[in-house]
Amino acid sequence: MSQTKSNLERVLKAGKFAVTAEAGPPRGARPEVVREKAKILKGSVDACNVTDNQTSVVRMCSLAACTILQEEGIDAVMQMVCRDRNRIAAQSDILGAASLGISNLLCLTGDHQVFGDHPQSKNVFDLDSIQLVKIAAEMRDKARFAGGKDIDGPPEMFVGAAANPFADPFKIQVPRLAKKVAAGAQFIQTQCIFNLDKFKEFMKGVRDRGLHEKTFILAGITPLKSAGMAQYMATNVAGMDVPEDVIARMKGVAKDKQKEEGIRIAVETIQKLKKIDGVRGVHIMAIEWEEAVPEIVKQARLQEPAKKAK
Amino acid sequence: MIVAEQKPIEDIMGYLEGHTRILLLGCHGCVTICSAGGQKEVDLLAGMIELARKRKGQEVSITRMTLERQCDPEFLQEEMLGRVKDHDVILSMACGVGVQLVAEHVQTGIRVYPAVDTLFMGGVDQKGQWSERCQGCGDCKLPLTGGICPVTRCSKSLLNGPCGGSRDGKCEVNPDIPCGWQMIIDRLEATGCLDQYEKIIEPADWSKARDGGPRKYIRPDMV
């Protein structure tokens, strides 16, 4: 398949250790909120995700916020969840995004709406994330809609998906990744990693099947802001694995030093992740704390002259 | 079976406001089995209505009747229709299907109200507990998923595996909900066909489900 205009794709294919981040769009219509986040992240990242109504809370749409990021000179990754749109809307949004110069698409299932601020709403789930990956890849490669008709001007998208090595059942997580790769996922962003041993076990399974050579795996990083956040994530966030020793380490420092400690843990984790065969970059999810990203990137020396990743 | 639960008595009394001659109709079908609208529940509800009216000093006359099946016109004909003219309201304890068929077959302009909320197609977990098993999508996926329905048992109706919110066999939506995909994976493994999981299941044809509009099924050999 041809190369898209995606900077992320270019960086990964050049063998550079990629850095992406995440920007949560505002709960309002003010574009300057997105521009501010772009200014913080610019220069530190190769691309930036915009979440799609994450945790089922209504926010500015990913497509619009991605367009603003692109105007600010950042390669945007449009996240798209299956919760809110059927195959007609999904394909329409992909065409619209491509027409506005967005070149990266991350296909996700989406959090259930009970977690958000409109728990009474009806969900869609016409498709699942694997079917969405396949449709997006075939729109590009075969110039064909899911319904079978031809596309006049196919969308050039670098298509990705997510993997959660910490979700259950564990034995199905590598086969599930294999399914996503078979569907056409060119890059993978993982759930944030605090439990390195479990992640290493997952990556061994990935390598055993050669999946790391068929897709670019970006390891997820979330800097902890406080011991309270670590505890909350460990107990209240579905699919998250924050081991006791990480929580204890955060609790072990004074409250006003916890942010620094969180960044330190993130940097140390990145150093360890870089040594894992098959990890081709990191995806930093600093939740409503974009300022942490340049600091982590600097301390982990991620944007220095290209180091050849395996 | 179709599982239903009785509506709050306050709602039911609201529908009956201003009516004195009530035909209370139970059903010997699913609502009898799930104890929502059989003869026993007809008697209980009639007693509650009479008591509520008595407290307010209001008159009421209730005819209690339980039909074989309210979803089949065969059982709605003489037995029920012959009694309708003596009443000014019908309160049906059948599922939503029964309530609608009763209303369709009553030609007198008499009002028909439901006494239950129809919940789902499900089975018995244990005495007094039922859970959903089928959504009637019209395109059964059970051969692909070890006999466990992903459309119904997965909170997101995912066809290609669990989402990232599956933890310790529980669904992210609610710890009382078992993860449908954990069950599917366990069953596939136990039956020696876990390799079947890696086959990508294509997007469903929802036109066979309610999304294609209200459905009709005709058996030419029986018409």
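Before reading on, note that the structure itself is shown above.
What you see is a predicted model; the values in this text were computed from it and never measured.

Caption draft 1: Geometry of the overall build of chain A. The secondary structure content of chain A amounts to 11 helices and 8 strands. Computed over the C-alpha atoms, the radius of gyration of chain A is 18 Å, within 12% of the 19 Å expected from 2.2 N^0.38 for a compact globule of 310 residues. Projecting the C-alpha coordinates of chain A onto the three principal axes gives extents of approximately 60 × 45 × 40 Å. A total of 310 residues make up chain A; the buried ones form 54% of that total. A fraction of 80% describes how many contacts in chain A between residues 6 or more apart in sequence connect residues 24 or more apart.

Caption draft 2: View of the overall build of chain B. Broken down by element type, chain B carries 7 helices and 9 strands. Relative to the globule expectation of 17 Å for 223 residues, the C-alpha radius of gyration of chain B, 22 Å, shows a markedly less compact shape. Referenced to the eigenvectors of the C-alpha coordinate spread, the extents of chain B come out at roughly 65 × 45 × 25 Å. Classification of the 223 residues of chain B by burial places 36% in the buried group. Across chain B, every contact between residues at least 6 apart in sequence was considered, and the portion connecting residues at least 24 apart equals 56%.

Caption draft 3: Representation of helix α8 (residues 227–236) of chain A in the model. All names here are of chain A. Turning to α8, its buried residues are Ala227, Met229 and Ala230. Down the axis of α8, the buried set is contained in an arc of 165°. They therefore lie on one face. Turned more than 90 degrees off the buried face of α8, the exposed positions are Thr235 and Asn236.

Caption draft 4: The arrangement of the environment of B:Val124 in detail. Structurally, B:Val124 can be placed in strand β6 (residues 116–126). A residue is classified by how many C-beta atoms lie within 10 Å of it, and B:Val124, with 13 of them, is partly exposed.

Caption draft 5: Quick look at the sheet that holds strand β1 (residues 2–6) of chain B. All names here are of chain B. In spatial order, the strands read β1-β6-β7; together these 3 strands make up an open sheet with antiparallel pairing. Only two strands of the sheet have a single partner each, and these edge strands are β1 and β7 (129–134). Within the sheet, the average angular offset between the axes of one strand and its neighbour, ignoring direction, is 70°.

Caption draft 6: Up close: the packing of helix α10 (residues 258–274) of chain A against helix α11 (residues 292–299) of chain A. Residues and elements named next belong to chain A. Put simply, α10 and α11 touch, their axes get as near as 9 Å, and they point 45° apart. Classified by the interaxial angle, the pair formed by α10 and α11 is oblique. For the element pair α10 and α11, the recorded crossing hand is right-handed. Residue-level contacts link Ile263, Ala266 and Val267 of α10 to Ala292, Glu295, Ile296 and Gln299 of α11. Grouping the amino acids of the contact of α10 with α11 by side-chain chemistry returns 5 nonpolar, 1 polar and 1 charged.

Caption draft 7: Layout of the sheet that holds strand β2 (residues 21–27) of chain B. All names here are of chain B. On the basis of which strands lie adjacent, the open sheet formed by 4 strands has the order β3-β2-β4-β5 and parallel pairing. Strands at the two margins of the open sheet, each flanked by one partner only, are β3 (61–67) and β5 (111–114). Taken over all neighbouring pairs, the strand axes of this sheet differ in orientation by 25° on average, direction set aside. One ladder, built from 4 bridges, connects strand β4 (residues 89–92) with β5; its direction is parallel. Following the sheet pairing, Ile90 is matched in β5 by Val112. Across the sheet, helix α3 (residues 39–55) is in contact with β2 and β3; its angle to β3 comes to roughly 170°.

Caption draft 8: Expanded view of the pairing of β5(B). The side-chain alternation of β5(B) yields one buried face, formed by B:Val112 and B:Pro114, and one unburied face, formed by B:Arg111 and B:Tyr113. The parallel pair β4(B) and β5(B), bridged by helix α5 (residues 96–105) of chain B, forms a crossover whose chirality is right-handed.

Criteria and thresholds
Residues numbered from 1 in each chain as written. Chains lettered and ligands numbered in written order. Predicted model: local features only at pLDDT ≥ 70, side-chain atom pairs only at ≥ 80, totals over all residues. Helix = DSSP H or I, 4+ residues; strand = E, 2+ residues; numbered from the N terminus. Rg over C-alpha atoms; globule rule 2.2 N^0.38 Å. Buried ≥ 20, exposed ≤ 12 C-beta atoms within 10 Å, placed from the backbone. Contact = placed C-beta atoms within 7 Å. Arc of directions from axis to C-beta. Pairing = 2+ DSSP bridges. Axes fitted to C-alpha atoms, helices over the stretch in contact; angles between N-to-C directions. Parallel < 35°, antiparallel > 145°, perpendicular 65-115°, else oblique. Left-handed = near helix turned anticlockwise from the far one by under 90°. Nonpolar A, V, L, I, M, F, W, Y, C, P; charged D, E, K, R; others polar. Right-handed = clockwise from strand over helix to strand, strands pointing away.

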